[in-house]
Amino acid sequence: MTIPAVSKSDEGLYKCTNYKGESPESWMTVTDLSLSVLSLPASMSVSPDRSQFFKYESVSLCCEVQGNTARWILKRNTVSGERSDCGGNWGKPEGSSCIVSLIPSHSGLYWCESESGEHSNAVNITVHDGAVILESPALPVTEGDSVTLRCRYQVTPSNLTADFYKDGSLIRNETTGEMTIPAVSKSDEGLYKCTNSSSEGESPESWMTVTAVILPPTAVPTPIPSPAVPVLSMSLPRLLCSLLVGSPYLLVTIILLVKCCRSRTQGETTVPRMTHQDKYGDRVEEE
C-alpha cells in the first residue's frame, strides 16, 4: 500500500497478513518538518546507542531537558499496543533516566513527555530472542558522519563473516562482521539487517535515519553602483533652434577653409619663368 502524502495522523504500528500468516508489527514515525530535534524542549538519549538488544540486556534511557523545569516522564508504546510510564510495571527511574532490563515484549517506541504534553524525539527499540542482532545507531546520524554497523552474536562464532542487507538487498559481505560507511549520505537511509554465513541466523531489521546538514544562507554581496554618467537633456525645439542659429557660421567657416586650401595649392603648383638681359641691359622673360 502507498500513502501519497503521509501526515502525523499516519504514525503508528503497522503489520500485514496473507494466507501464509502475518508479519511482525513495526512502528512508523512521521516527522513534523516544522520541528527538529534541536528545537524540541527535550531530547532522549540511549546508552548504549543502538536500536537492537538481546533478551535480558539493560539499556539506559535519559530525558535531557533544555531549560525547562517541568517534570518529564519516560513513556513507551510497545508492539502489543501497551502504553505506559517508566516505573510502573517496567523500568527503574533514576533521576532523569530510566534503567530497563529488556525482554522481547518491551520492543516498541520510547520517548519523553512532560506534564503539559510536550514530547521529545522518539526511539524505536527491538529486543530479539535470537542468536544475532545488528548494532546500528538508535538516534539519527548526520550526513558526512562515519557509521559502523556490526553483526553481534549471543555466542561468538568461529567465522565472523557476515552479509549486510539494505532494504532487502545484499550490499556488502564482510569477513570481520562489521561494515563502515565512511561518509554517510541521505541515500544510505533505510532498513538494515545482517546474517551470518555460519547459519547462526539473521538479525531483525532496523531503520537508520540520516539527517541532512542545513547550511546557513550565504550572504549575497551588495553590488557597488557605478558612478552615474551625466546626461544632457535638451528639448527638440531648442535643439532645432540651436542648429539653425549655428548653421550659417559653420557654413561660412567651411567655405573659407576650402578657399584657403585651394589658394595654397595653386600657389605651390605655379612654375616660375626664366629671365635674361638683352644687349641694352633690359631683363627679358623667356617664353
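In the block above lies the structure referred to throughout.
Residues numbered from 1 in each chain as written. Predicted model: local features only at pLDDT ≥ 70, side-chain atom pairs only at ≥ 80, totals over all residues. Heavy atoms only, no water.

Draft legend 1. Examining the pairing of strand 7 (residues 58-65) more closely. For strand 5 (residues 42-47) and strand 7, the ladder comprises 6 bridges, and the chain directions are antiparallel. Looking at the pairing, Val-46 lines up with Leu-61 of strand 7. Looking at chain direction, strand 7 and strand 11 (residues 97-101) are connected through 5 bridges and run antiparallel. Looking at the pairing, Val-59 lines up with Val-100 of strand 11. (Pairing = 2+ DSSP bridges. Helix = DSSP H or I, 4+ residues; strand = E, 2+ residues; numbered from the N terminus.)

Draft legend 2. Quick look at the sheet that holds strand 5. Strand order in the open sheet made by the 4 strands is 5-7-11-10, with antiparallel pairing throughout. Single-partner strands in this sheet number two, and they are strand 5 and strand 10 (92-94). Looking at each pair of strands side by side, their axes are set apart by 20 degrees on average, direction ignored. (Axes fitted to C-alpha atoms, helices over the stretch in contact; angles between N-to-C directions.)

Draft legend 3. Broad picture of the layout of surface pockets. Its boundaries defined by the atoms lining it, the second largest pocket holds a volume of some 240 Å³. Going through the elements one at a time, strand 7, strand 8 (72-78) and strand 11 are the ones with two or more residues in the lining of the second largest pocket. Ranked by residue count, the leading element in the lining of the second largest pocket is strand 8, at 3 residues. (1 Å grid on protein atoms, 1.4 Å probe; cavity = no way out; pocket = protein on both sides within 12 Å on 5 of 7 lines; lining within 4 Å. Points joined across faces, edges and corners; volume = space filled by probe spheres on them.)

Draft legend 4. Just the sheet that holds strand 12 (residues 108-114), in detail. The mixed open sheet is built from 5 strands, whose spatial order is 6-13-12-8-9. Two strands lie at the open edges of the sheet, namely strand 6 (52-54) and strand 9 (83-85), each paired on one side alone. Averaged over all neighbouring strand pairs, the angle between strand axes comes to 30 degrees, with direction disregarded. Note: strand 8 against strand 12, 7 bridges, orientation antiparallel. Along strand 12, the bridge assignment pairs Arg-76 with Tyr-110.

Draft legend 5. Representation of the nonpolar core within the structure. With 20 residues, the main nonpolar core has Met-44, Val-46, Leu-61, Leu-74 and Tyr-110 as its most contacted residues. Among the secondary structure elements, those contributing two or more residues to this core are strand 5, strand 7, strand 8, strand 11, strand 12 and strand 13 (119-128). Excluding its chain neighbours within four sequence positions, the residues that come into contact with Leu-74 are Met-44, Leu-61, Cys-62, Cys-63, Ser-84, Asp-85, Cys-86, Trp-90, Cys-98, Tyr-110, Trp-111 and Cys-112. Of all hydrophobic cores here, the second largest spans 16 residues; its members include Leu-134, Tyr-153, Met-179 and Val-210. (Core = buried A, V, L, I, M, F, W, Y, C linked by side-chain atoms within 4.5 Å. Buried < 20%, exposed > 50% of the residue type's maximum accessible area, 1.4 Å probe, protein only. Contact = heavy atoms within 4.5 Å.)

Draft legend 6. Local environment of the side chain of Ser-203. Position of Ser-203 relative to the elements: it lies in the loop between strand 20 (190-196) and strand 21 (206-208). Apart from residues lying up to four places away in sequence, Ser-203 is in contact with Gln-52, Val-132, Ile-133, Leu-134, Lys-193 and Cys-194.

Draft legend 7. Examining the side chain of Thr-195 more closely. Counting through the fold element by element, Thr-195 comes out in strand 20. The contact partners of Thr-195, leaving out residues within four places of it in the chain, are Cys-151, Thr-161, Ala-162, Asp-163, Tyr-165, Gly-201 and Glu-202.

Draft legend 8. Spatial organisation of unusual backbone geometry. Ser-47 connects to Pro-48 through a cis peptide bond whose omega is 0 degrees. If you trace the backbone, Pro-48 turns up in the loop between strand 5 and strand 6. A positive phi angle, close to 75 degrees, is found at Tyr-56, a residue other than glycine. If you trace the backbone, Tyr-56 turns up in the loop between strand 6 and strand 7. In this model, Asp-167 sits at a positive phi of 55 degrees, which is unusual for a non-glycine residue. The residue Asp-167 is located in the loop between strand 17 (162-166) and strand 18 (169-174) in this model. According to the relative accessible area criterion, Asp-167 is partly exposed, its value standing at 44%.

Draft legend 9. Broad picture of the state of the cysteines. Taken as a whole and judged by the stated rule, the model has 3 disulfides. Across the disulfide, Cys-63 is cross-linked to Cys-112 (sulfur-sulfur distance 2.0 Å). Measuring the twist about the S-S bond at about -95 degrees, one finds the Cys-63-Cys-112 disulfide to be left-handed. Within this pair, whereas Cys-63 is found in strand 7, its partner Cys-112 is found in strand 12, the two being separated by 49 residues in sequence. With respect to class, Cys-63 is no different from Cys-112; both count as buried. A sulfur-sulfur distance of 2.0 Å marks the disulfide that ties Cys-151 to Cys-194. The disulfide joining Cys-151 to Cys-194 has a torsion of about 105 degrees about its S-S bond and is therefore right-handed. Linking Cys-151 in strand 16 (residues 147-153) with Cys-194 in strand 20, this pair joins segments that are 43 residues apart in sequence. This pair shows no difference in class: Cys-151 is buried, exactly as Cys-194 is. Its sulfur unpaired, Cys-62 is 6.6 Å from the next cysteine sulfur, which belongs to Cys-63. Residue Cys-62 is classed as buried on the basis of its relative accessible area, which comes to 16%. (Disulfide = S-S within 2.5 Å.)

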